[in-house]
Amino acid sequence: MTLIFPKHYQPTLSVRDTEEAIKYIRDTFQKEFGKEMNLSRISAPLFVTKSSGLNDNLNGVERPVGFDLKDLPGEEMEIVQSLAKWKRYALKKYGFAVHEGLYTNMNAIRRDETLDNLHSAYVDQWDWERVITRQERTIDYLEDTVRHIFKVIKHMEHEVWYKYPQAVCHLADDVYFITSQQLEDLYPDLSVKDRENAITREHGCVFIEEIGWPLSRSKQPHDGRAPDYDDWKLNGDLLFWLPSLNQAIEISSMGIRVDETTIETQCKAAHTEERLTLPYHKAILSNELPLTIGGGIGQSRLCMLLLNKAHIGEVQASIWPEDMEEECAAHHIPLL
């Protein structure tokens, strides 16, 4: 693990005031977000069956947490790693129309996560999904959606400033769009993370597009993406500059979802053609599920950003190595 300890860091809110602020941010954001995006709040599963193919395998190396159930012999359950696939089923099952959508609280366990200032074994985010038309599967529609999300986050800055002026983090006034290839061309000698930091430091808020396909110089994708939910030409990550750590923080990963053509193309490129026989993939190939756009917004990360915290453990209760807890305490970083 690699930790960052800001010099002279002193929390501007007590632990109890921080807990109050966390509740305020979460309650306010989800209400405003749902209204802005025309999303309804629904319940979501904590686990799914492995055989359904609904779980997200992320970069393909993370091990999901699995278990069995007495009354379902022969089936293996998996804690969801995201709800990207499940949400499309829910939109069809519950009869959502075009331009209607849903959001839900998603909780996950990432057992292989490297723990540091921004990463925890416990994941909490708002997962959302909305039905779109085939004509809206464009970069313009994606960027317009990103601007709506940015608008809500920017509004939250003002809400937090009103209640906690001593703690609020001042955000950029607009979002800057750049593709992952343009970013590599701009900073060819920097690592992926250093590129993200450089561009976000300059602009304050950046949406990096087209993540998944290999880049021309490195021959590697900007970041790993499962081949069977985002269209790699119509997706991206939303990053903000976090002053407390002097680095970029990813708040959201999102995209227009695969259709019957891109799911096959991307699974072949990722050498995961065997997934195309799973129920979810068959439903995409046969056009049984709606065309959608969706993503996830980190709840703890949003709180961390808006309150300018130095460690995600200041805004969520998780488990940390004992030496990390001791080092954080010595540097005035109170972990919940």
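Relevant structure appears above.
Described below are features of the structure shown in this document. (Residues numbered from 1 in each chain as written. Predicted model: local features only at pLDDT ≥ 70, side-chain atom pairs only at ≥ 80, totals over all residues. Heavy atoms only, no water.)

Digging into the pattern of salt bridges
- Taken as a whole, this structure holds 22 salt bridges when the rule is applied.
- In this structure, the salt-bridge partner of Asp173 is Lys154, at a minimum N-O distance of 3.2 Å. Of this pair, Asp173 sits in the loop between helix H3 (139-163) and strand S7 (176-179) while Lys154 sits in helix H3; the two residues are 19 residues apart in sequence, bridging distant segments of the chain.
- Accessibility expressed as a relative area gives 14% for Lys154, which makes it buried.
- Linking Asp230 and Arg257 is a salt bridge whose minimum nitrogen-to-oxygen distance equals 2.4 Å. Pair noted here: Asp230 is in strand S9 (residues 230-242) and Arg257 is in strand S10 (residues 247-257), with a separation of 27 residues, a long-range link.
- Its relative accessible area of 1% is what places Asp230 among the buried residues.
- Overall, Arg257 belongs to the buried group, its relative accessible area being 3%.
- Because the salt bridges share partners, they merge into one network encompassing Lys87, Asp127, Glu129, Asp230 and Arg257. (Salt bridge = Lys/Arg side-chain N within 4 Å of Asp/Glu carboxyl O. Helix = DSSP H or I, 4+ residues; strand = E, 2+ residues; numbered from the N terminus. Buried < 20%, exposed > 50% of the residue type's maximum accessible area, 1.4 Å probe, protein only.)

Some details on the pairing of strand S8 (residues 205-209)
- Along S8, five of the five residues are buried, which leaves the element largely enclosed by surrounding structure.
- On S8, burial covers both faces: Cys205, Phe207 and Glu209 on one face and Val206 and Ile208 on the other are all buried.
- Relative to S8, S7 runs parallel, the two sharing four bridges. Bridge pairing links Ile178 to Ile208 in S8. (Pairing = 2+ DSSP bridges.)

Brief notes about a negative patch on the surface
- Together, Glu322, Asp323, Glu325, Glu326 and Glu327 give the surface a local cluster of negative charge.
- Residue position: Asp323 is located in helix H9 (residues 322-330).
- The exposure class of Asp323 is partly exposed, given its relative accessible area of 39%. (Patch = residues over 30% accessible without salt bridge, like charges linked within 9 Å, V, L, I, M, F, W, Y side chains within 5 Å. Areas by Shrake-Rupley, 256 points an atom, 1.4 Å probe, with all protein chains shown as cover. Lys, Arg positive; Asp, Glu negative; His and termini not counted. Charge placed at Lys NZ, Arg CZ, Asp CG, Glu CD.)

Focus on the packing of aromatic side chains
- All chains considered together, the criterion is met by eight aromatic pairs.
- For the ring pair Phe29 and Phe33, a centre distance of 5.3 Å and an interplane angle of 10° mean the geometry is stacked. Here Phe29 and its partner Phe33 are both found in helix H1 (residues 15-37), four residues apart, which amounts to about one turn of the helix. The same class applies to Phe29 and to Phe33, which are both buried.
- Where Phe177 meets Phe207, the ring centres are 6.0 Å apart and the plane angle is 70°; that geometry is what we call edge-to-face. (Phe/Tyr/Trp six-rings, centres within 6.5 Å; stacked < 30°, edge-to-face > 60°.)

Considering the state of the cysteines
- In this structure the tally under the stated criterion is zero disulfides.
- The structure places no disulfide on Cys169, whose sulfur is separated from the nearest cysteine sulfur, that of Cys205, by 11 Å.
- Of the residues examined, Cys169 reaches a relative accessible area of 2% and is grouped as buried. (Disulfide = S-S within 2.5 Å.)

With respect to the environment of Arg225
- Within the secondary structure, Arg225 is located in the loop between S8 and S9.
- Measuring from C-alpha to C-alpha, the distance between Arg225 and Gly212 comes to 5.3 Å, with 13 residues separating the pair along the chain.
- Of note is the side chain of Arg225, whose polar atom sits 2.3 Å from the side chain of Asp237.
- At a separation of 3.1 Å, a polar atom in the side chain of Arg225 contacts the side chain of Ser253. (Polar contact = N/O pair within 3.5 Å; in protein donor to acceptor, adjacent residues only side chain to side chain.)

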